[in-house]
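Fold and contact review
One letter stands for each residue in the lines below.
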Amino acid sequence: MNHGGGKSDASIRWKWFILISCLGTKFLNIGLRKSFGVLLTTLHSQLDIPIWILGLVVSISVSGGDIIGPVVGGFATLCGCRPVVIIGGILLSVGMILASFSRSFLQLVIFLCGFCGLGFGLTNDPPFAVLGQYFHEHFSLANSFAMAGSSLGIMLLGPLTQIFVEIYGWRGAMWLLGALVFHITVFGALLRPPTRTDNLDHFLLQEDEIESANIEDENSDNSCLDCCFSLVRTMDSSLFKDPMFIIIILVSTTIRFSQMAWLIYLVPNVVSKGVPILQASFISTSAGVGDLIGRLLPGVFSSVSGREISSKTVWTFGMCITAVSFALDAMVEPYSGMMVLGFFQGLGIGMTYSSTNVVLFDEFGKERLVNSMGWVRGISGFGRIIGGFVPGFIYRTTHSYRWSYVVLGVIQALGILILNIGQVCFPSKTTT
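Residues take numbers from 1 onward in each chain, read along the sequence in its written order. The predicted origin of the model limits local features to residues at a pLDDT of at least 70 and limits the giving and counting of side-chain atom pairs to 80 or more, whereas totals for whole chains, interfaces and linings rest on all residues. Computation of side-chain values: all heavy atoms of the structure, hydrogens and water removed.

Description of the overall build of the protein chain
Secondary structure assignment for the protein chain yields 16 helices and zero strands. Within the protein chain, buried positions represent 54% of all 432 residues. Every residue pair with non-hydrogen atoms within 4.5 Å of one another is taken to be in contact. Sequence separation of 24 or more characterises 85% of the internal contacts of the protein chain that already satisfy a separation of 6 or more. About 17,500 Å² of surface is accessible on the protein chain, with carbon and sulfur atoms providing 70% of the total. By the criteria applied, helices consist of DSSP H or I runs no shorter than four residues and strands consist of E runs no shorter than two, each listed in order from the N terminus. A simple rule labels every residue: compare its accessible area, found with a 1.4 Å probe on the protein chains alone, to the largest value its type can have, and call it buried under 20%, exposed over 50%, or partly exposed in between. Residue burial considers only the protein chains on display, and all accessible areas are found by Shrake-Rupley using a 1.4 Å probe.

In structure tokens, the structure reads:
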């Protein structure tokens, strides 16, 4: 009896390592994406590649990781989250280091879109699936703290990347970033799943399901086709029977469109207004502070209000802040004003991005969290691809990001409209 209690106590202590793992993985994952935005201007000037093409490459790299989300969810269910995240960390590191040796644009595309794209996908959602198992009673609060790692990455890795570029050049900066993101493998190793002896009954696959799958494998001819069928079964496509799931995907697409565009073009937008690039990179810090507060707020609201404020309400409020701050960007010219506006843009994006996981957790429960996150990320990832392309294309046409940010505000307002129509037409029963 004491032995079991010891294991339970150990599991209670271990959940804090899970929280650190999620925070650290998000710090490096999102921080690296922000670093791409800082590198964009340097690559444009030194490689003489149109900025909208570079923006498209970066968005494909990041969105490619999103698009494979459903498959990643299936692999995490079959193989466990720990090996998936470790492999993802290795791919990110190798991709950045190889990209630093690129001698052609094609090589750069292969390393960033291929290696880094897969790495982003494998390290996105699996840590939060384990987090939901350990913090099933306080997921909103734990998710908010873990998502704060994204804000810290935006605040710190943006200016740090610019310093790397000025000292070592863009190749040296990529090499150093590759070494830095290799630490994701360490965070991945911390993702120990709970067991029955830990008195935590929340699993990606229950033991009896695993045994059943093993029996099916023994009765099959172990062909590649059988493996594919097993993977498809674990992807939980039955989620699409719920109309609210479709609504969440559509809203998430508008959020990821705006978030990707903002992440890539924040610094180029400020530079286009006559701000030196080093000062412009520090607006990322202001945005990161807002993003940090925004990512913490959903958990704070949930804890203080006792869940009287629903996750969808926080989601909507965050989108409102984002839409308004994007629309106002066209009218703000002073550096101090851009710092303030960057803060509110980060605040709104942080709230919406952090609330997405909580909305899915509330709607579909902890057991279906990894699959629902995977499907939402996979389909809405196409919004990110477009978001990386559209602002750069508008800039090429108008030589200004003014209309780009107006478009971002309109797209985010569309997300608010879709969510409210969905709630009226398809009232959902919250999963507790």
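There's plenty left to go through after this.
Describing the side chain of Ser286
Mapped onto the elements, Ser286 comes out in helix 12 (residues 277-305). Using a relative accessible area of 13% as the deciding quantity, one classes Ser286 as buried. Among the polar contacts made by the side chain of Ser286, one reaches the main-chain carbonyl oxygen of Met339 at a distance of 2.6 Å. Aside from chain neighbours lying at most four places away, what touches Ser286 is Met339, Gly342 and Phe343. By the criterion applied in these results, polar contacts are pairs of N or O atoms within 3.5 Å in which, for protein atoms, one can donate a hydrogen and the other can accept it, and in which residues neighboring in sequence qualify only through two side-chain atoms.

Observations concerning the environment of Thr77
When you line up the elements, Thr77 lands in helix 3 (residues 69-79). Linking Thr77 and Ala129, residues 52 residues apart in sequence, is a C-alpha distance of 9.6 Å.

Quick word on the packing of aromatic side chains
Aromatic pairs are defined between Phe, Tyr and Trp rings, using the six-membered ring for Trp, whenever the two ring centres lie within 6.5 Å; interplanar angles under 30 degrees are classed as stacked, those over 60 as edge-to-face, and all others as tilted. Evaluation of the coordinates by the stated rule reveals 13 aromatic pairs. Note on Phe240 and Phe245: the rings are 5.2 Å apart at their centroids and 85° apart in plane angle, and the pair reads as edge-to-face. Given the relative accessible area of 30%, Phe240 is considered partly exposed. Ring pairing ties together the aromatic residues Phe240, Phe245, Phe364 and Trp375, which thus form one cluster. We call a charge positioned over a ring when the NZ of a Lys or the CZ of an Arg lies within 6 Å of the ring centre and within 35 degrees of the ring normal. The aromatic ring of Phe120 is capped on one face by Arg33, whose charged end is 4.9 Å from the ring centroid.

Focus on helix 3
Turning to helix 3, its buried residues are Gly69, Pro70, Val72, Gly73, Gly74, Ala76 and Thr77. Looking at the residues trailing helix 3, positive phi occurs at Gly80, about 100°.

With respect to helix 13 (residues 311-328)
Helix length check: helix 13 (18 residues) gives 26 Å between terminal C-alpha atoms against 26 Å at 1.5 Å per residue, within 8%. Of the residues making up helix 13, those classed as buried are Ser311, Lys312, Val314, Trp315, Thr316, Gly318, Met319, Ile321, Thr322, Ala323, Ser325 and Phe326. Expected span of a helix, by definition, is 1.5 Å for each gap between consecutive residues, and there is one gap fewer than residues.

As for the nonpolar core
Generally speaking, soluble globular proteins have nonpolar side chains that are buried together. By nonpolar core is meant a set of buried Ala, Val, Leu, Ile, Met, Phe, Trp, Tyr and Cys residues that side-chain atoms within 4.5 Å join together. Counting 99 residues, the largest nonpolar core has Leu39, Leu131 and Trp262 as the members making the most contacts within it. With 17 residues, the single largest contributor to this core is helix 11 (residues 243-272). If we skip the residues at most four places from it in the chain, Leu39 touches Thr161, Val165, Trp170, Ala173, Met174 and Leu177.

Structural notes on the packing of helix 11 against helix 15 (residues 369-398)
Fitted lines through C-alpha atoms give the axes, limited to the stretch in contact for helices. The angle between two N-to-C directions lies from 0 to 180 degrees. Where helix 11 meets helix 15, the axes come as close as 7 Å, and the angle between the chain directions of the two elements is 35°. Note that helix 11 runs across helix 15; the crossing there is right-handed. Taken together, the residues that form the contact of helix 11 with helix 15 break down as 16 nonpolar, eleven polar and three charged. If you view the pair so one helix is near and one far, a crossing is left-handed when the near helix is turned anticlockwise from the far one by less than a right angle, and right-handed when it is turned clockwise. Following the grouping adopted for this structure description, the nonpolar residues are Ala, Val, Leu, Ile, Met, Phe, Trp, Tyr, Cys and Pro, the charged ones are Asp, Glu, Lys and Arg, and the polar ones are all others, Gly among them.

What about unusual backbone geometry?
Residues other than glycine seldom take positive phi values, yet His399 does so here, at roughly 60°. Its place among the elements puts His399 in the loop between helix 15 and helix 16 (402-425). Given the relative accessible area of 63%, His399 is considered exposed.

Quick word on the environment of Phe382
By secondary structure assignment, the location of Phe382 is in helix 15. Phe382 sits 125 residues away from Phe257 along the chain, and the two C-alpha atoms are 8.2 Å apart.

Remarks on the pattern of salt bridges
Just to be clear on terms, a salt bridge is a Lys or Arg side-chain nitrogen sitting within 4 Å of an Asp or Glu carboxyl oxygen. For the coordinates displayed, the defined rule picks out five salt bridges. The salt bridge partner of Asp125 is Arg377, with a shortest N-O separation of 2.8 Å. With Asp125 in the loop between helix 5 (105-124) and helix 6 (126-134) and Arg377 in helix 15, this residue pair connects regions lying 252 residues apart in the sequence. The pair Asp125 / Arg377 is uniform in exposure class, with both members buried.

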